[in-house]
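# Close look at the chain arrangement
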Amino acid sequence: MISAGVDSKDLAKRGESLIRHSTNRYLTTVKIAFRAKQRRFDDFDGLLEESSVKPVHRAIVELSDEQDQPDLLPG
């Protein structure tokens, strides 16, 4: 899913895409922050093996993937 090094240009494009496709920029920013906080605690609990990627970067990539590929979401 996420390589050890996240390309900064790709990350910026993903973040811009999230904001551009959102109806409320503030809520999108809060969603990214909340997801990053969850990932940070997952790292502390040892649930994630990819601790070299910062939680905010991981959150942006995950939310971008969910936006671009909604058919992969359960339910």
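Bear in mind that the values here come from a model prediction, so they are computed numbers and not experimental data. (Residues numbered from 1 in each chain as written. Predicted model: local features only at pLDDT ≥ 70, side-chain atom pairs only at ≥ 80, totals over all residues. Heavy atoms only, no water.)

A few words now on the layout of surface pockets. Considering only enclosed or pocket space, the largest pocket measures out at about 230 Å³ in volume. Lining the largest pocket are Leu18, His21, Ser22, Thr23, Asn24, Thr28, Lys31, Ile32, Arg35, Leu63, Glu66 and Gln67. A breakdown of the residues in the lining of the largest pocket according to their chemical character gives 3 nonpolar, 6 polar and 3 charged. (1 Å grid on protein atoms, 1.4 Å probe; cavity = no way out; pocket = protein on both sides within 12 Å on 5 of 7 lines; lining within 4 Å. Points joined across faces, edges and corners; volume = space filled by probe spheres on them. Nonpolar A, V, L, I, M, F, W, Y, C, P; charged D, E, K, R; others polar.)

Let us look at the nonpolar core. The biggest cluster of nonpolar side chains holds 8 residues, and these are Leu11, Leu18, Ile32, Ala36, Ala59, Ile60, Val61 and Leu63. Going through the elements one at a time, α1 (8–20), α2 (25–45) and α3 (55–68) are the ones with two or more residues in this core. Setting aside residues no more than four positions away along its own chain, Leu63 makes contact with Leu18, Lys31, Ile32 and Arg35. (Core = buried A, V, L, I, M, F, W, Y, C linked by side-chain atoms within 4.5 Å. Buried < 20%, exposed > 50% of the residue type's maximum accessible area, 1.4 Å probe, protein only. Helix = DSSP H or I, 4+ residues; strand = E, 2+ residues; numbered from the N terminus. Contact = heavy atoms within 4.5 Å.)

In the predicted model, the protein carries a mean pLDDT of 81, and 75% of its residues have values of at least 70. Looking at the elements of the protein, mean pLDDT is at its lowest for α2, recorded as 87, and at its highest for α1, recorded as 92. (pLDDT = per-residue confidence, 0-100.)

Take a nonpolar patch on the surface next. Together, Tyr26, Leu27 and Val30 make up an exposed nonpolar region whose accessible area comes to about 320 Å². Residue position: Leu27 is located in helix α2. (Patch = residues over 30% accessible without salt bridge, like charges linked within 9 Å, V, L, I, M, F, W, Y side chains within 5 Å. Areas by Shrake-Rupley, 256 points an atom, 1.4 Å probe, with all protein chains shown as cover. Salt bridge = Lys/Arg side-chain N within 4 Å of Asp/Glu carboxyl O.)

Before going further, it helps to examine the packing of α1 against α3. Here α1 crosses α3 at 55 degrees, and the two axes come no closer than 9 Å. Taken together, α1 and α3 sit at an angle that is classed as oblique. Handedness of the α1/α3 crossing: left-handed. Along the contact surface, α1 presents Leu11, Arg14, Gly15, Ser17 and Leu18, while α3 presents His57, Ile60, Val61, Leu63, Ser64, Asp65 and Gln67. Broken down by class, the residue content of the contact of α1 with α3 amounts to 5 nonpolar, 5 polar and 2 charged. (Axes fitted to C-alpha atoms, helices over the stretch in contact; angles between N-to-C directions. Parallel < 35°, antiparallel > 145°, perpendicular 65-115°, else oblique. Left-handed = near helix turned anticlockwise from the far one by under 90°.)

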